[in-house]
Amino acid sequence: MYALITIVGIVVTVFFLAGFWRGLKNAIAEYRAGAPESDEVPDYRYGGLAAFSVVASAVIIAGAGFSPAMIYAGPLLALVTAAGCGLAFFVEDKAAG
């Protein structure tokens, strides 16, 4: 299980860094374009996902008291969270410029 967590961690790290790099390039391009910042509030289509992650965290924390195998679910959940943050950089609109 340690090997799986390590491999998934490396993949998620590369994915997050690639997304972060894309977000950085978009931010620099937007700044250089001099375009005024949008005052639109984004549409949060994935709001239910946040609620799911809170419930999943609670289940994993409680599950660790019932089964030692649930201890491995915590790091995997953290990796999924990091992957979601990396994905956000790819989902955003590309800056003009």
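Scroll up to find the structure this text is about.
Residues numbered from 1 in each chain as written. Predicted model: local features only at pLDDT ≥ 70, side-chain atom pairs only at ≥ 80, totals over all residues. Heavy atoms only, no water.

Caption draft 1: Structural context of helix α1 (residues 2-33). Along its 32 residues, α1 runs 46 Å from first to last C-alpha, staying within 8% of the 46 Å computed at 1.5 Å per residue. Among the residues of α1, I5, G9, V12, G19, R22, G23, N26 and A29 are the ones counted as buried. On the buried face of α1, the contacting elements are α3 (73-91). Backbone geometry just after α1 places G34 at a positive phi near 70°. (Helix = DSSP H or I, 4+ residues; strand = E, 2+ residues; numbered from the N terminus. Expected span 1.5 Å × (residues − 1). Buried < 20%, exposed > 50% of the residue type's maximum accessible area, 1.4 Å probe, protein only. Contact = heavy atoms within 4.5 Å.)

Caption draft 2: Representation of the packing of aromatic side chains. Evaluated as defined, the whole model comprises 5 aromatic pairs. Centre to centre, the rings of Y2 and Y72 are 5.9 Å apart; their planes meet at 75°, and the pair counts as edge-to-face. Placement of the pair is Y2 in helix α1 and Y72 in the loop between α2 (47-63) and α3, with a sequence separation of 70 residues. Look at Y2 and you get exposed, because its relative accessible area is 62%. (Phe/Tyr/Trp six-rings, centres within 6.5 Å; stacked < 30°, edge-to-face > 60°.)

Function-wise, these values are silent; they only describe arrangement.
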